[in-house]
Every structure is written in C-alpha cells, then in structure tokens.
Amino acid sequence: MVLQSKSQDLITCRTLVHFYVAVLQKFLHSIHSFLSLSNSMAASTSSTTACKTHPNLITAPLSKPYSSRLPFKFRKFNSRATAPSSISCTLARDSAAAGLRMDSQSANGSLAGLPRPDSFGRYGKYGGKYVPETLMHALTELETAFHALAHDEDFQTELNGILKDYVGRETPLYFAERLTEHYKRPNGEGPHIYLKREDLNHTGAHKINNAVAQALLAKKLGKKRIIAETGAGQHGVATATVCARFGLQCIIYMGAQDMERQALNVFRMRLLGAEVRGVHAGTATLKDATSEAIRDWVTNVETTHYILGSVAGPHPYPMMVRDFHKVIGRETRKQALEKWGGKPDVLVACVGGGSNAMGLFHEFVEDKDVRLIGVEAAGFGLDSGKHAATLTKGDVGVLHGAMSYLLQDEDGQIIEPHSISAGLDYPGVGPEHSFLKDLGRAEYYSITDDEALEAFKRLSRLEGIIPALETSHALAYLEKLCPTLPDGTKVVLNCSGRGDKDVHTAIKHLKV
Amino acid sequence: MAILSSLKLTTTSGFLQLNTKKPRYPVHHLPSPSQTALNFPIKKLLDELNPRDTLTLTRASNISISQTFTKLKSQGKVAFIPYITAGDPDLSTTIQALKVLDSCGSDVIELGIPYSDPSLDGPVIRASASRSLAGGTKFNNIISMLEDVVSQLSCPITLFSYYNPIIKHGIENFMSTISQAGVRGLVVPDVPFENTQRLRNEATKNNVELVLLTTPTTTTCRMKDIVRASEGFVYLVSAVGVTGARPRVNEQVPSLLREIKEATNKAVAVGFGLSKPEHVKQVAEWGADGAIVGSAIVKVLGEARSPLQGLRDLDTFAKSFKAALL
C-alpha cells in the first residue's frame, strides 16, 4: 500500500532513459498494475510453511553447515516482497525506482483470477517446487534475493547497463519485407511479418538475457561456482560467457548426444573457460543434463548457483527466468507503438522449455486481443513416437522440480524425445505454458524436422538471415498461420537465435 | 522343530512353485538360463543361514513401520534398514534378496522403484535403476513380485519412489495397490513437505506410513514441521548431496539428531553415505533409532559377477551391518 501511494509521484529526475522508461511504464501499465497488484497482493501469503518467520541464519543456535553468505540481513521476510524495513539493501527513493518497483510487483500479473505465479510458485495447478528437501532452503534464499534485487536500484542499473553495452540490447524489431511478400495472397492481402531479432544479441540467442541477470544475482549471493545445463549449447555458451565476464567458475552439463551435434558450441564453451561435462546417463540429451545439474546442485548447494536456462524447473526459476527475458516483450510493445502505432496482433515463438516464448508473451498475456502462439518440435511426426511435442502429446506430471506437461510412458518414466534441434529436444515444458494452454490463452502447435529445415532455408534465402533450427520451427508455422490471417495483421515472430551453430546439421539434410 | 521344518517346507514349496509356474516377471536378464540352477543353491544358502526364531515370525504386512521401531526401542535395539532397487539385476533376484535381507535380521527393508530421472541418487543407485529399467522392470511386475514374497517376510517393506510415477498411476490407485501388496511405508523424496497432505491422506486410508526427509540444510523451523508430520519414522539425510557411499559420516549428524529429538519422540533413522559397519555403529552411538544402508548394498548385489554371487555377498555384507548394531 505504501508503494501504491509512492507510485503517484511520477516526476523523476534521473537520466533521460529512466524517465522515458518510467513514463512509458506508467502509461501502459497504470491500469494493469492496479488490477494485478490488487490481485497479487490478495493472493500472496507469507512463506510457504507454517513457519511464519524466516529464521535468522546468521545467529542460528546450532551451527548449520549452510550458513548464509547473503549480504542482506533477512529477518522477517515474506516471499512476496513489500519493501520490508529490515532489509539493509539500498532502497530506492525516487520515483523512477518506484516505477521499477511497481513494475516488478505488478509484473507477475494474473490470468482468470489466478496469479502467475502464487507464493508457492504455482500457475494454477502447475509449477511448484518438487525437489529433494536438501534444495528447499536454497530455493527460498534464491527467491528472497530475487525479490530484494528487483527493488535494488543499483542492481537494476548495473543489469540494464550490461544488457545495453555488453549484450547489445535493445534488439531490433525488423520488418521482414520479403517474407511478408512470400505470404501475400494472390489478391495482394496478407499479414505483416516482423522479426524480433534476439539472434542479434551477444552469443547469438536470447539465452544471454537470463544468464547475465542470474550471474549478477549469484555474485550478490556470494556464490563463486556456477553450474548450468544445456541442450543446443546456446545457454551453455551464454553461461560460459557471463562467467568469463564476471570471473566465476563455470561447469556446464551437456548430453553426450548433444555434444556431438553441437560440437561448435562445445568448443566455444571450453574456449570461454568453462568445463563441459558430458552426460551419458539416460538418453544423453537435455533432460539428462538437467537431472545431472540438479544432482550437482543438491551436492554443492552451499557454494554453487544453478543457472537454469529456461522457464522450467522448481520455483522461483520459471518466474525468475521469465522476468529476465520479459525485456523482449517490453521492447516489442514499445517498438510496435513506434512502428505502427499499435500492438502486435499475433506473437509466434518456438517452445522447448519455453523461455524465449515467455519472454515475448509475458508482456502481452493480459492483452486479450493479442494472440499467443507457441510452436513445439514434432520431430519425425506426432504419430511417430519420435517428437518433442510436450503440450500436444504429453500429460501432466512432475519433471525437474515442476508440475507441468511432459512426455512419459505408462509407468511415469520420462521418455526420450526427438527433434532435429537440440534446444527443443526436451520432454518437459515450462509450467506457465501448461497453464496458458489449459486456459486457452495461448495456442500450441508443432512442426516436423523437415518443415523446420525448409523454413531454415526459406528465411536464409528470403531475408539473408540464417535462423537457429529452433527458431525455424516458429518460422515454419507461418506457412500454416499466414493464409488464415486477415490483411494487415501484425505478426511478431521471436527470432530467438541465429543458425551458425546448425550449419553442419543442416549440411547433412539440405541440398543447397 | 516341527514348526521349523514346516517353515522350510513352505520355503521349499515356494521355490518349487517358481519352477513349475510361468514366471510373472521378466527373467531374461538372468545370465544363468536355468531357474532350477539358481534356486537350488539359493535354497541351500537359505538353509545354511541361522533360522529365525519362528515363534516371533509375523507376516511382514501385519506390522507397521512405527510399531517395528517401538518394539525395537523397547528392546534397546537400533534398526538395520537396507535399501535395494527392485529389478536389479532382475525381479527374481530381488525376491531372493528380500528373503536374504530378512533372514539376516533386517528390521525394515526399503525397496526402490526404479526411475528414469532420479534427482537424489548418485551413480551407484542410478546405474542400478538403469539396469532394472533396461531389463524391462515395470511397476505392475514389482507389485506382483511383492504380492508373492511379502507373506514370506518377517520385516515390513517401505517403498522408495519418485513422485512422477505416483502421479501417473494416480495417487489413490498407487496407495491402494501398494497397500494390497503388503507395503507398509513409503518415501517420496521429491515432494516438498507443503505438498504431502494429499499423499498422507491416501497413505493413511491404506495403512501406509508416509516417511518424510529432513536434511542438514533444512531450517530448524521447517524441520519441526516435517518431523511433526512424518509417519513411520523420520528420515534424516546425513549429508548434503545425493545417495552414495562416503568415507565418513557427516559430523553434524549428532547435533542434527539432538535437534530432531528435542522436537519429537518419533524414531529417527539416518541414511545416505553409510557404507561400512563402523558407520552404522557410529550413528547408533550418536542416538539414531535406525541406520539405512543403500548404495553400498546395491553395489554388492547389482555389480556382482552373477546374481548368485551377489546374493551370497549380500548375505555376508548385510550380516556385518547387523552385527555392528548388536
């Protein structure tokens, strides 16, 4: 309630950038923030157990091995932060920061009256923290730190600076003229296709948005050792990149099968100073790398931060990773306004774990007139048994800490998915996508390997942009989508990564 | 003596039944092709073992986990709780292994349901689960196996299963199925305490006790909630990490045990990392009511040259732990 009154003072005297951002946020979010703030405040409860007070770890009577090295002294702390007075981190005073605070408060939002997520990390029935007890404390600490840093102006400034000067944001919203032409119907009507160029980020994919923020967060937590899982290698490369940038020890788990098909990325990770550990267990792909990373974290939780690469995993990861990627959607709204004075009509993104899609969608989830479309991998076809179309063919279960749709057999064993693209080759999906699907807010389709390869070639030929094979799945769906769209529909497709890493896979399949 | 010989007869006829009936669970994983070849030496092996006091034999499904601990406490004894993975190397061997462990004096046996993505298991138990799954082990087969063998055991069985298979089978269905098979306890390592209510309700309806875990990273406040809700016993995970043998027992265990015992009168069993009789003796001296030995036992059984050798080694190994607790 204190924050609400502060938000009335909108005169900011920070830099022009902050002023612009704050004004735009206020303009676009004034209604949203009021509604969702009241929703989220109503839905929030204090910490998840019967224990109302978060124990002061520094003066625990019996020495636990896991003494907190948090720079913040947390005493009573609710998991939904409301600027508690006992936190000794810098509390922003001016309204630009209030704008940022408001944004983080309201940023979760809600749908159909359900918060996204609630204080247990649930999106409806999905999400949660289904992990061994050993990790529960680390997850709570992580969430606490995340909420505190969302209010920390220095952190936000540092992060925004790195996103601008190191990552290269903001990324362009590019009007794909020849692609649009390609989808024009004989009478000259057709949608307008825009590409959100996340492939132009440093390291060539959207993954770095999250990696940078989590590395900074890890530093604030005093963790010096970073672990991550990776499928295509883009998240691994992004993590290795930020670890090099921040001087952190970096260990990447990668399925042995993926290491083969993305050998270029393996080399890059090693060149950047990371240790890449091949995982031979199970199917030797992303799901096994994730399981191994979780096991490493269980063992080394006191010294290690796990930079999870997607909006999957236990709470607070789906929320955190989404928040670190939401800049994609936020920029898109601003750029759409600049370019055509309106909002996008349709958003399209590929879905593996779901991070680039959530990054684009989140900003628009409560804009009911914006259609959200996710595209998964159908591999050899949905009936072949060799695909990764979790939302289409899966059923509900628990994988890697979250309740979500997943691909499993009749005994609840997780099955091996298949996709030509390593980044979509995951038998689970982020819980928020499961939530959006069930509510009908987002639609999910799937594209086969062959269709993706066609799209890979098509964008290269029509726009001179070689997309990642993952992104190619979203691009392939345009073939089915565009004929159904009215003239002038504004379609924004998240070009989540570039395809340099995929050329030797493509060579095996394509004649060029 | 008459009782003893009738016991042997029962055991023998159990083997004969195995020979004549078509096996209900996959046996193709056995290196030695003949059932008879396996069973006769096992029968001899079991005959060689010191027979248990038959007068105190009870059907394993009749005594609950907590009752077992109460009884042991009154006798001043500490429980020996071995863990094995169902279906490693195959379900027939698991049957024999359960009998061997029972006759060695195990007080509760933990039986693991193999899972494709075990987040709390180290390399030994992971490999064990992989072998079992590669051999075609299915939940229904494990249940059939238990239905056959539980009546021949004197100590109760606790299942260890990750959450996803339970969801897949349906919580109500899972609980009633395992209960009908004679299982008395359940450990689910990847459900947070806050989400255990539904599991506990269904478990209680079916006379199954839901054991909860507490760890060195669990805050005191949270530990109190956990021990209050835990049934059967409180599982104290001794180390920060996954399952697997460790050279020494974590030195924090005594203070963790003290803290727990200040919060509850329930039995506390310590697990993870215990791989030698000295470890088990140590935790008993520190005040634990039970010692759980997993990876070390799984390794002996699952990585042996042959199932028969594995069972022999298992017998010796399990006895060494039991002896350390006497």
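Looking at an unreviewed UniProt entry, chain B carries the name Putative lyase, with the source organism given as Rosa chinensis. Quoted verbatim from the Pathway (unreviewed entry) field of UniProt, the annotation for chain B is "Amino-acid biosynthesis; L-tryptophan biosynthesis; L-tryptophan from chorismate: step 5/5." In its Catalytic activity (unreviewed entry) section, UniProt records this for chain B: "(1S,2R)-1-C-(indol-3-yl)glycerol 3-phosphate + L-serine = D-glyceraldehyde 3-phosphate + L-tryptophan + H2O".

Chain A appears in an unreviewed UniProt entry as Tryptophan synthase from Rosa chinensis. What UniProt records for chain A under Catalytic activity (unreviewed entry) is the sentence "(1S,2R)-1-C-(indol-3-yl)glycerol 3-phosphate + L-serine = D-glyceraldehyde 3-phosphate + L-tryptophan + H2O". We quote the UniProt Pathway (unreviewed entry) comment for chain A here in full: "Amino-acid biosynthesis; L-tryptophan biosynthesis; L-tryptophan from chorismate: step 5/5."

Q: Explain the interface of chain A and chain B to me, please; I cannot follow it from the model alone.
A: Interface size is commonly expressed as the accessible area that is lost once the parts come together. Listed per partner, the contact involves 45 residues of chain A and 44 residues of chain B. For the pair chain A and chain B, the summed buried surface comes to about 3,700 Å²; carbon and sulfur atoms form 53% of the total. Here chain A is connected to chain B by five salt bridges. Here B:Asp117 ties to A:Lys287 by a salt bridge, and the two come within 3.0 Å at their closest N and O atoms. Run the count over chain A and chain B and you get 15 residue pairs in polar contact (both at pLDDT 80 or more).

Q: Help me understand the pattern of salt bridges in this model?
A: When their charged atoms lie close together, side chains carrying opposite charge are able to pair. Residues and elements named next belong to chain A. A complete count under the given rule lists 47 salt bridges over all chains for this structure. Between Arg277 and Asp296 there is a salt bridge, and its shortest N-O distance comes to 3.9 Å. Of the two residues, Arg277 sits in strand 9 (residues 275-279) while Asp296 sits in helix 11 (residues 286-300), which places them 19 residues apart along the sequence. Residue classification places Arg277 among the partly exposed positions, given a relative accessible area of 29%. When the shortest N-O distance is used, the salt bridge between Glu338 and Lys334 registers 3.6 Å. A residue pair is termed a helical-turn pair when its members lie 3 or 4 positions apart in one helix, as Glu338 and Lys334 do in helix 13 (residues 327-340) at four residues. The exposure class assigned to Lys334 is buried, which follows from its relative accessible area of 14%.

Q: Would you mind showing me how to read the environment of A:Gly401 here?
A: All names here are of chain A. Mapped onto the elements of the fold, Gly401 is located in the loop between strand 13 (395-399) and strand 14 (402-406). Along the chain, Gly401 and Tyr130 lie 271 residues apart, while their C-alpha atoms are 4.1 Å from each other. Among residues more than four places away in sequence, those in contact with Gly401 are Gly127, Gly128, Lys129, Tyr130, Val131, Gly313 and Pro314.

Q: In this structure, what is going on with the packing of aromatic side chains? I would like to understand it.
A: The geometry of two aromatic rings is summed up by the distance between their centres and the angle between their planes. Residues and elements named next belong to chain A. Tallied over the entire structure, the rule returns 19 aromatic pairs over all chains. Summarising the aromatic geometry, the rings of Tyr445 and Tyr477 are spaced 4.6 Å apart at their centres and angled 10° between planes, so their arrangement reads as stacked. Of the two residues, Tyr445 is situated in strand 15 (residues 442-448) and Tyr477 in helix 18 (residues 469-481); the sequence distance between them amounts to 32 residues. In this structure Tyr477 comes out as buried when scored by relative accessible area, which is 8%. Note that Arg245 overlies the ring of Tyr166, its terminal NZ or CZ placed 5.7 Å from the centroid.

Q: How do you make sense of the sheet that holds strand 3 (residues 157-160) of chain B when you look at a structure like this?
A: Within a sheet, adjacent strands bond to each other through the backbone by hydrogen bonds, running parallel or antiparallel. All names here are of chain B. Judged by pairing direction, the barrel is parallel, and its eight strands sit side by side in the order 1-2-3-4-5-6-7-8 before closing back on the first. Averaged over all pairs of adjacent strands, the angle between their axes in this sheet comes to 25°, without regard to strand direction. Note: strand 2 (residues 109-112) against strand 3, four bridges, orientation parallel. When the bridges of strand 3 are listed, Glu110 appears paired with Thr158. This element, helix 4 (residues 91-103), spans strand 1 (79-85), strand 2 and strand 3 of the sheet and lies at about 170° to strand 1.

Q: How do you make sense of the nonpolar core when you look at a structure like this?
A: Soluble globular proteins tend to bury their nonpolar side chains together. Counting residues in each nonpolar core, the largest one holds 191 residues, and the members touching the most others are B:Leu98, B:Leu111, B:Leu146, B:Tyr163, B:Ile178 and B:Leu186. Each of domain 1 (124-166 + 207-317) and domain 2 (168-203 + 325-509) of chain A accounts for three or more of the residues forming this core. By size, the runner-up hydrophobic cluster in this structure holds 30 residues, among which are A:Ala377, A:Ile447, A:Leu459 and A:Leu462.

Conventions adopted
Residues numbered from 1 in each chain as written. Chains lettered and ligands numbered in written order. Predicted model: local features only at pLDDT ≥ 70, side-chain atom pairs only at ≥ 80, totals over all residues. Heavy atoms only, no water. UniProt positions renumbered as here; feature names shortened; annotations may be inferred. Contact = heavy atoms within 4.5 Å. Buried area = accessible area lost by both parts, 1.4 Å probe. Salt bridge = Lys/Arg side-chain N within 4 Å of Asp/Glu carboxyl O. Polar contact = N/O pair within 3.5 Å; in protein donor to acceptor, adjacent residues only side chain to side chain. Helix = DSSP H or I, 4+ residues; strand = E, 2+ residues; numbered from the N terminus. Buried < 20%, exposed > 50% of the residue type's maximum accessible area, 1.4 Å probe, protein only. Phe/Tyr/Trp six-rings, centres within 6.5 Å; stacked < 30°, edge-to-face > 60°. Lys NZ or Arg CZ within 6 Å of the ring centre and 35° of its normal. Pairing = 2+ DSSP bridges. Axes fitted to C-alpha atoms, helices over the stretch in contact; angles between N-to-C directions. Core = buried A, V, L, I, M, F, W, Y, C linked by side-chain atoms within 4.5 Å. Domains from an automatic or database assignment.

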